[in-house]
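# Notes for the structure review
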Amino acid sequence: MTRDIFQPSGQIQFGIFFQGVNSGTVWKAAESGSQTDFESFRRIVQTAERGKFAAFFLGEGLRLREHLGRPHALDVAGRPDAQTMLAALASVTKNIGLVATQNTTYNDPADLAHRLSSLDLISGGRAAWNVVTTDNAWTGANFRRGGYLDHADRYKHAEAFVETAKRIWDSWETAEGPARPVLHEGQHYTVDVTPRLPRSAQYRPVLFQAGDSPEGRDFAARQADVIFSAHPKFDDAVEFRRDIVARSVAAGRGANAVQIMPASEFILAATPEEAEEKKAWVRSLQIGPQQAIAYLEQFWGRELSSYDPDGPLPEIDPVVEETSETRGSGFHGAKARQLADQWRAEAKDKGLSIRQFVTSKTARIDSTFTGSYSAVADHLAEYARVGAVDGFNISPWLIPTGLDDIVNHLVPELQERGVYPTEYRGTTLRENLGLETPVRSEHSVQV
Amino acid sequence: MSISHTPGFLAIELDGAGYQDLAGAVLAAESAGFHVATFQDAPRAGRANALQRAAFAGPITRTIAVVPEVDTVYTEPFHISTQLASLDYVSGGRAGWIATADESPEAAAAVGRSFVSGEALAQEAAASIEVGRRLWDSWEDDAVIRDVATGRYLDVDKLHYADFETPADFAAAPYSVKGPSIIPRPLQGQLPVLAAASLVGEGLVPVEAVDAVLVSAPTPGLLTAEIRDVRARLGGSLAVVAELDVVLDARGQAAEARVASLPESGRARYAGPAAGLVELLDVLLGEADGIRLHPAAVDVDLEELSRLVLPGLRRSGSLLGPLQDGTFRDLLGLGPAQNRYATTASGTGN
């Protein structure tokens, strides 16, 4: 048996991604609860733990999203700090992993490594870091360093940051110390720190990463334990797995070293008809008439409130050359006028109104599993059989009850098919995911 | 005994509890009747992040305030503000902030920044506290409207940019923070901010920026005089919390024998039997609004404090009862926090 051949585990696992800010979380339904009260978080994380979910993810916000120069009013917004919330959830849970999305650009490596280590120890070895990068000055306006990082350097910078964090986690010799100092002199940071915390029960926090560009995939293949990917559709998932296995092996790691958990949305019911009805209802709440107009305004760079959401796309042109990052990283870079032309043609071609068109653009078409519990369970069992993914990272569209039907109905179906855990394997996230203990990083002291 | 003065509160520093027996320690402190648990962030081996330890304690407790030390010099004010607001949410409005200014060159080296010392420390602290407070106010209390008819989740008129800039005479590298916060206004509106009395005053952190000061003196005898001096210097409106190390006779071992192995803290220390501590705290609570106890060993001394000291103080009427469903602001006697950006005047009765 060689480490270079991928071996499917035959299992899938679930994580929950409590996004906090997006148009996918429905707030207009009567069942929708607070996005900030601790009870919402307690309820959903305890439901996930009842369903043997491997991990609970929190997103990170570093600047409130804007629309036409003011805070964006229509979507859910306002969320707690990831690690603070996860430390609190650690005291009301036992087994579920606690994943904090944390940015490499607006954190200091020594400080972030220490806080993640703290979370790992406080939770008994259940912490993980979802590594993300940002580079724009708009976000930087909230921080001392401002917009200091070029877009082109973001992965180079992030990798140096992650390696420094790993060396900090690895530099504690024994449970009692002594710790060896970690030095790093880079283009953007100088770090000189003597680590203060011992290893946790899982050695060091698990690393998640979501990069999808070739650089992002290579970065993940070299550094991450789990890729939080955007490829949940079966054929695409299989192809993505193949690519990641190749990159992992090329990076000198085993074919199974990096796990894959795509982002996904589940809309389920007892029958396929009910599930389709439910989907229509969810979509109508996700993208209302105001959201549809606002979505276009973001790309057009101008007010479009005189347009009928049930009519055709605006014939006037955008006033900005490029869309901005003010609505989040997903909006980067597209050329606005070119995009407007394309979209008008596409909507006309398909006979879509503004609202229908925006729904088609924003709904997580690729990442949504819709259907009866048993049909979706059959479908997921096929992923498990070939090892297309290691699991799914579910974004519930309702807080805090959005996992109830998954845990009550889908999970038992999957357990019956033998493709989903019936118990936690251990108490650490690394054990529960079935990850290997990491090898100590080689260069503990670098000058 | 009769009540000789307004009852005060007791805080306990839980740094020694580390992370291993944290839940046990904080629950023992709460059931003993302590009003506040504080968490130091001293750069010592084996100490987990103070704010996270406080957050862990939040959901498992009901009445005790959870108050971490958080440095203002080498940390990002935007992160700190969000983290503390989040702590307020997870503790149901029982959070506070002991704002510290790290004086160690090691802290500067860890984040690759120039070492800050002298008066610049208070400037950094003042700037960081101001950023935190502006961001906490940057969402008015009713900014989340969830108005289905108009499709608006937020009332944008109730969100405000903090637009903070360091003052022109700022000694360290200048910076700005835009805002608004990424989390709605904390449950208490404004978390109570505490700082060492030595950081507060003219030319330092402005008196109005803090809600309480921590007062320290080298001996118990000097503590009373120091409390009076601080009150005279800073005015009467600030709550004053006196700092006291305690080493009690415990588990058949005399306090004096335990003292020998302790490092110097620079704080006043009481070492001896529980009865003597009750007498000292009775006197000190006549001068200060609260006392923060630093037990030599949390597990050892907390047992004695719980069994002998707090009951003694309750009998003498020196100690406030536990504050059921109260906020940390309530404990400190602070009224509702007015929002500096509020577009509609509130609380202006006729």
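Above this text you will find the structure in question.
Overview of the structure. Only a predicted model underlies this, so the values are computations on that prediction, with no experimental measurement involved. (Residues numbered from 1 in each chain as written. Chains lettered and ligands numbered in written order. Predicted model: local features only at pLDDT ≥ 70, side-chain atom pairs only at ≥ 80, totals over all residues. Heavy atoms only, no water.)

## Let's talk about the pattern of salt bridges
Residue and element names in this part refer to chain B. Considering all chains together, one arrives at 51 salt bridges over all chains under this definition. The partner of Glu-69 in a salt bridge is Arg-292, with the nearest N and O atoms 3.7 Å apart. Residue Glu-69 is located in strand E3 (residues 65-71), and its partner Arg-292 is located in strand E13 (residues 290-295); the two are separated by 223 residues in the primary sequence. For the pair Glu-69 and Arg-292, a shared accessibility class is recorded, and that class is buried. The residue Glu-287 makes a salt bridge to Arg-228 at a minimum N-O spacing of 2.5 Å. A residue pair is termed long-range when its members are at least 10 positions apart, and Glu-287 in the loop between helix H8 (274-285) and E13 and Arg-228 in helix H6 (residues 220-234) qualify at 59 residues. Each of Glu-130, Arg-134, Asp-137, Asp-141, Arg-185 and Arg-340 takes part in one network of salt bridges that share partners. (Salt bridge = Lys/Arg side-chain N within 4 Å of Asp/Glu carboxyl O. Helix = DSSP H or I, 4+ residues; strand = E, 2+ residues; numbered from the N terminus. Buried < 20%, exposed > 50% of the residue type's maximum accessible area, 1.4 Å probe, protein only.)

## Examining the interface of chain B and chain A
In this assembly, 62 residues from chain B lie in contact with 61 residues from chain A. Carbon and sulfur atoms supply 59% of the area that chain B and chain A bury against each other, a total of about 5,000 Å² over both sides. Interface area lost by chain B to chain A is led by Gln-52, Tyr-153 and Ile-182 of chain B, which between them contribute 14%. Here chain B is connected to chain A by three salt bridges. Ionic pairing is found between Asp-41 of chain B and Arg-196 of chain A, a salt bridge with its closest N-O pair at 3.6 Å. At the surface where chain B touches chain A, the tally comes to 30 residue pairs in polar contact (both at pLDDT 80 or more). Contributing elements (two or more residues each) for the side of chain B that touches chain A: helix H2 (50-57), helix H3 (77-90), helix H4 (105-110), strand E5 (144-147), strand E6 (152-154) and strand E8 (176-177) of chain B. (Contact = heavy atoms within 4.5 Å. Buried area = accessible area lost by both parts, 1.4 Å probe. Polar contact = N/O pair within 3.5 Å; in protein donor to acceptor, adjacent residues only side chain to side chain.)

## A word on the pairing of strand E9 (residues 193-196) of chain B
Residue and element names in this part refer to chain B. The sheet contact formed by strand E4 (residues 97-100) and E9 spans two bridges and is parallel. Looking at the pairing, Trp-97 lines up with Val-193 of E9. The sheet contact formed by E9 and strand E10 (residues 212-215) spans three bridges and is parallel. Residue Ala-195 lies in a different strand from E10, and its bridge partner there is Val-213. (Pairing = 2+ DSSP bridges.)

## Some details on the side chain of Gln-83 of chain A
Looking at the element boundaries, Gln-83 of chain A is found in helix H2 (residues 82-90). By relative accessible area, which is 1% here, Gln-83 of chain A ends up buried. At 2.9 Å, the side chain of Gln-83 of chain A forms a polar contact with the side chain of Gln-102 of chain A. When near neighbours in sequence (up to four residues on either side) are disregarded, Gln-83 of chain A contacts Ala-100, Gln-102, Leu-112, Arg-115, Leu-116 and Leu-119 of chain A together with Gln-52 of chain B.

## A word on the packing of aromatic side chains
Given two aromatic rings, one states the distance between the centres and the angle between the planes to describe the pair. Per the stated rule, a full pass over the model turns up 31 aromatic pairs over all chains. When the ring of Phe-143 of chain A is compared with that of Phe-78 of chain B, the centres are 5.3 Å apart and the planes differ by 70 degrees; the resulting orientation is edge-to-face. With Phe-143 of chain A in the loop between helix H4 (137-140) and helix H5 (154-170) and Phe-78 of chain B in helix H3, this pair bridges two chains. An identical accessibility class is assigned to Phe-143 of chain A and Phe-78 of chain B; each is buried. Ring centres of Phe-164 of chain B and Tyr-175 of chain B lie 5.9 Å apart, and the angle between their planes is 45 degrees; on these two criteria the pair is classed as tilted. Taken together, the positions of Phe-164 of chain B in strand E7 (residues 164-165) and Tyr-175 of chain B in the loop between E7 and E8 put the pair eleven residues apart, joining distant regions of the chain. Taking the relative accessible area as the measure of exposure, Tyr-175 of chain B reaches 6% and is therefore buried. In this structure, Arg-144 of chain A packs its charged tip against the face of Tyr-175 of chain B, placed 4.7 Å from the ring centre. (Phe/Tyr/Trp six-rings, centres within 6.5 Å; stacked < 30°, edge-to-face > 60°. Lys NZ or Arg CZ within 6 Å of the ring centre and 35° of its normal.)

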